[in-house]
Amino acid sequence: MKDREAVILPLLAAGVLLTGWHFSVVWTHTQIFPSPVDVVRGLAELMHKGLLGSYTRDSLYRVSAGYSLAVILGVPIGIILGWYELPAITVNPLIQMMRPISPLAWMPLSVIWFGVSDLAPIFLIFLGAFFPIVVSTMNSVRNVPPMYVQAGRNFGLSPAALFRRVIFPAILPRVLSGLRIALGIAWIVLVAAEMIAVDSGLGYLIIDSRNAGKRYDLVVAGMFLIGIIGLCLDLLVRRTEKLRSVRWGFRTE
Amino acid sequence: MTTKSVAVVAELATEVKVSVRNLDMIFQTDGKSVSVLERISLDIREGEFVCLLGPSGCGKSTLLNILAGFLRPTSGEVTIQGEPVRGPDPRRIFVFQERGVFPWLTVEGNIGFGLFKLPKEERAARVAYYIKMVGLEGFEQAYPSELSGGMKQRLEVARALAVNPDVLFLDEPFGALDSITRLLMRGELLRIWETERKTILFVTHDIEESVQLADRVVVMSARPATIRRVVDIDIPHPRDLSSRRYIELRDGIFEEIGLAHKV
């Protein structure tokens, strides 16, 4: 019963939205907003030109590269900062200062540093994901109940075994939540990052369609693609939260 | 009444297991120093069941943490079998309220947690034995979130017993349980103690609980905690909770703490 509702109700909402959208465009005869039919036609055109696949692939590549780098560096740094007091005291103010700077503010510099290449958007995506990952991982280590660590020590675990058998499993659920949020941010940063320095990808599609001929049907088609892929990525990452060894950390069931 | 005065040195009939000498503990917080434990001296014999009884926040848990090696005293000395305590040790296991079980491991995984040095078959046999002892058969693959509070508590006791320690430290282990489960758990603990004969140090603020369980009750004062009196509970198990001797000992402790035994 619940499962069926979880599929039918969202579809119903989407249907209502599409219908409302379609008729408001038709009735107002607006020229600056496409109807759903125009958008579908735009998507078909993109597919026909072979751009749909190649732009999506390029965007996914940039996000995976920037995001993976952020995970590979951010998780270990977060663990170190969560566990050892001195490094945390030393660099935490710096991190808290860097964090509110939007990755987009780095755009001018990244263009100078990396030129017209994939590296510029990858760098911006990395920045967008890195700080949230560091901070959430650090907090997850700090929030490990001291009892778990005491019990681990009591049973005679070496520091390495303590990390592997206690700290790591204890922080895993929170770290996964942090990774999921960071992936969302990476995907948001992507669009803006692709508006500079590159000539492919979904962000480029949006800015290029507007600049070259005011093709608002393609602009909205690009937005739609970004939304759909973002949803798929989130669903994919959420699946990890169902693993038995981390399920205890998610009390939503 | 067979109560004895402060700093009782055990009779030499059985071996002294845990020895505490002139222990002081002072915490530094916000530039102020707070004295938590003052001149604690105590001997605990091998296989003895001792309750540390005192009001909430008096420092009895601090004392237990020092004995377990998690905290260092400001001054004084703790020796276990003649060896000074320098840190936590698998021969002496600390049992938290059920919150100490690892939620990412199954019942089996938790009980086997400390057995990483044993070969696989031996570990499996040990795990099975203790699952049976604490009555968790059928829940081997269950995760702690699927267990009741009492079951989690038994799981933590089983995890501690599995590594075959000499001493168990229990810090208000039944404090979070409902009163019926708490009564059942006391019976379980006594049954396990009678088969395994570990030395047990049990912290509680429940006078009835201490008189039901312990061979000796160490009555502590409010902070800074000192030992007010050590009471011998000379009633054989199973104890009749309406016997004259039980009521006499219990009321003696109520009086010692300065509580009118009336509601």
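Just so you know, these numbers come straight off a predicted model, no measurement behind them.

### Topic: the overall build of chain B
Turning to step 1, where the next piece is worked out: Across its full length, chain B holds seven helices and eleven strands.
Turning to step 2, where the next piece is worked out: For 263 residues, the compact-globule estimate of 2.2 N^0.38 gives 18 Å, and chain B sits close to it at 19 Å.
Turning to step 3, where the next piece is worked out: For chain B, the C-alpha atoms occupy an extent of roughly 50 × 45 × 40 Å along the three principal directions.
Turning to step 4, where the next piece is worked out: In chain B, which comprises 263 residues, the proportion classed as buried is 42%.
Turning to step 5, where the next piece is worked out: If you take every contact in chain B between residues at least 6 apart in sequence, the share linking residues at least 24 apart comes to 69%.

### Details of the packing of helix H4 (residues 149–162) of chain B against helix H5 (residues 179–196) of chain B
Residue and element names in this part refer to chain B.
Turning to step 1, where the next piece is worked out: Running from N to C, H4 and H5 cross one another at 15°; their axes reach a closest spacing of 11 Å. Of the possible angle classes, the one that applies to H4 and H5 is roughly parallel. Note on packing geometry: the crossing formed by H4 with H5 is right-handed. Residues Gly 149, Gly 150, Gln 153, Arg 154 and Leu 161 of H4 lie in contact with H5, whose contacting residues are Thr 181, Leu 184, Met 185, Glu 188, Ile 192 and Glu 196.
Turning to step 2, where the next piece is worked out: Across the contact of H4 with H5, the residue classes tally to four nonpolar, four polar and three charged.

### Description of the interface of chain B and chain A
Turning to step 1, where the next piece is worked out: Facing 16 residues of chain B, the contacting portion of chain A comprises twelve residues.
Turning to step 2, where the next piece is worked out: Looking at side-chain class alone, the side of chain B that touches chain A contains twelve nonpolar, three polar and one charged residues.

### Focus: the nonpolar core
Turning to step 1, where the next piece is worked out: By size, the foremost hydrophobic cluster in this structure holds 127 residues, and its most contacted members are Ile 125 and Ala 186 of chain A.
Turning to step 2, where the next piece is worked out: Contact partners of Ile 125 of chain A, with chain neighbours within four places excluded, come to Arg 62, Val 63, Gly 66, Tyr 67, Ala 186, Val 189, Leu 190 and Ala 193 of chain A.

### Quick look at H4 of chain B
Residue and element names in this part refer to chain B.
Turning to step 1, where the next piece is worked out: Along its 14 residues, H4 runs 20 Å from first to last C-alpha, staying within 8% of the 20 Å computed at 1.5 Å per residue.
Turning to step 2, where the next piece is worked out: Counting buried residues along H4, 13 of its 14 residues qualify, which places the element largely inside the surrounding structure.
Turning to step 3, where the next piece is worked out: A positive phi of about 55° marks Asn 164, the residue just after H4.

### A few points about the sheet that holds strand E2 (residues 16–29) of chain B
Residues and elements named next belong to chain B.
Turning to step 1, where the next piece is worked out: Across the sheet, which stays open at both edges, the four strands sit in the order E3-E2-E5-E6 with antiparallel pairing between neighbours. In the strand order of this sheet, the two ends are held by strand E3 (32–45) and strand E6 (83–84), each with one partner.
Turning to step 2, where the next piece is worked out: Relative to E6, strand E5 (residues 75–80) runs antiparallel, the two being bridged by two bridges. Directly across from Ile 80, in E6, lies its bridge partner Glu 83.

### What to know about the environment of Val 144 of chain A
Residues and elements named next belong to chain A.
Turning to step 1, where the next piece is worked out: Within the element layout of this structure, Val 144 appears in the loop between helix H6 (119–142) and helix H7 (146–154).
Turning to step 2, where the next piece is worked out: Val 144 sits in the partly exposed class, given 18 other C-beta atoms within 10 Å.
Turning to step 3, where the next piece is worked out: Along the primary structure Val 144 and Pro 169 are separated by 25 residues, whereas in three dimensions their C-alpha atoms are 10.0 Å apart.
Turning to step 4, where the next piece is worked out: With sequence-adjacent residues up to four places away left out, Val 144 is seen in contact with Val 149, Ile 167, Ala 170 and Ile 171.

### Considering the pairing of E3 of chain B
Residues and elements named next belong to chain B.
Turning to step 1, where the next piece is worked out: Note: E2 against E3, ten bridges, orientation antiparallel. Across the sheet, the residue bridging to Val 16 is Arg 45, located in E3.
Turning to step 2, where the next piece is worked out: Following E2, the chain reverses through two residues before pairing antiparallel with E3; Asp 30 in that reversal takes a positive phi of roughly 50°.

### Here's the deal with the environment of Val 217 of chain B
Residue and element names in this part refer to chain B.
Turning to step 1, where the next piece is worked out: Note on placement: Val 217 falls in strand E10 (residues 216–220).
Turning to step 2, where the next piece is worked out: C-alpha separation for the pair Val 217 and Val 230, spaced 13 residues apart in sequence, amounts to 5.6 Å.
Turning to step 3, where the next piece is worked out: The residues contacting Val 217, other than those within four sequence positions of it, are Cys 51, Leu 53, Ser 210, Val 211, Val 231, Ile 233 and Ile 253.

### With respect to helix H1 (residues 60–67) of chain B
Residues and elements named next belong to chain B.
Turning to step 1, where the next piece is worked out: With seven of eight residues buried, H1 is to be regarded as a mostly interior element.
Turning to step 2, where the next piece is worked out: Every buried residue of H1 is listed here: Lys 60, Thr 62, Leu 63, Leu 64, Asn 65, Ile 66 and Leu 67.
Turning to step 3, where the next piece is worked out: Gly 69 occupies a position one or two residues after H1 and carries a positive phi of about 90°.

### Quick word on the packing of helix H3 (residues 51–83) of chain A against helix H8 (residues 159–193) of chain A
Residue and element names in this part refer to chain A.
Turning to step 1, where the next piece is worked out: It is the contact of H3 with H8, at a shortest axis distance of 10 Å, that shows an interaxial angle of 140°. Here H3 is positioned oblique relative to H8, judged by the angle of their axes. The two elements H3 and H8 cross, and the hand of that crossing is right-handed. The residues of H8 that touch H3, namely those facing Ser 59, Arg 62, Val 63, Gly 66, Tyr 67, Ala 70, Val 71 and Val 75, are Val 175, Leu 179, Ala 182, Leu 183, Ala 186, Trp 187 and Leu 190.
Turning to step 2, where the next piece is worked out: Residue composition of the contact of H3 with H8, by class: twelve nonpolar, two polar and one charged.

### Considering unusual backbone geometry
Residues and elements named next belong to chain B.
Turning to step 1, where the next piece is worked out: The step from Arg 223 to Pro 224 runs through a cis peptide bond, and the omega angle for that step is -10°.
Turning to step 2, where the next piece is worked out: The residue after His 237, namely Pro 238, is reached through a cis peptide bond having omega -10°.
Turning to step 3, where the next piece is worked out: Looking at the secondary structure, you find Pro 238 in the loop between strand E11 (227–232) and helix H7 (244–257).
Turning to step 4, where the next piece is worked out: If you check the backbone angles, Glu 172 has positive phi at about 40° while not being a glycine.
Turning to step 5, where the next piece is worked out: By the element assignment, Glu 172 lies in the loop between strand E8 (167–171) and H5.

### Considerations on the confidence of the model for chain B
Residues and elements named next belong to chain B.
Turning to step 1, where the next piece is worked out: Mean pLDDT over chain B: 86, with 92% of residues reaching 70 or higher.
Turning to step 2, where the next piece is worked out: Under a pLDDT of 50 for its full length, residues 1–12 has, in the predicted model, 17 contacts with residues more than four places off or in other chains.
Turning to step 3, where the next piece is worked out: Across the whole predicted complex the pTM is 0.82, and at the interface the ipTM reaches 0.85.

Each value, and the rule that gives it
- Residues numbered from 1 in each chain as written.
- Chains lettered and ligands numbered in written order.
- Predicted model: local features only at pLDDT ≥ 70, side-chain atom pairs only at ≥ 80, totals over all residues.
- Helix = DSSP H or I, 4+ residues; strand = E, 2+ residues; numbered from the N terminus.
- Rg over C-alpha atoms; globule rule 2.2 N^0.38 Å.
- Buried ≥ 20, exposed ≤ 12 C-beta atoms within 10 Å, placed from the backbone.
- Contact = placed C-beta atoms within 7 Å.
- Axes fitted to C-alpha atoms, helices over the stretch in contact; angles between N-to-C directions.
- Parallel < 35°, antiparallel > 145°, perpendicular 65-115°, else oblique.
- Left-handed = near helix turned anticlockwise from the far one by under 90°.
- Nonpolar A, V, L, I, M, F, W, Y, C, P; charged D, E, K, R; others polar.
- Core = buried A, V, L, I, M, F, W, Y, C linked by C-beta atoms within 7 Å.
- Expected span 1.5 Å × (residues − 1).
- Pairing = 2+ DSSP bridges.
- pLDDT = per-residue confidence, 0-100.

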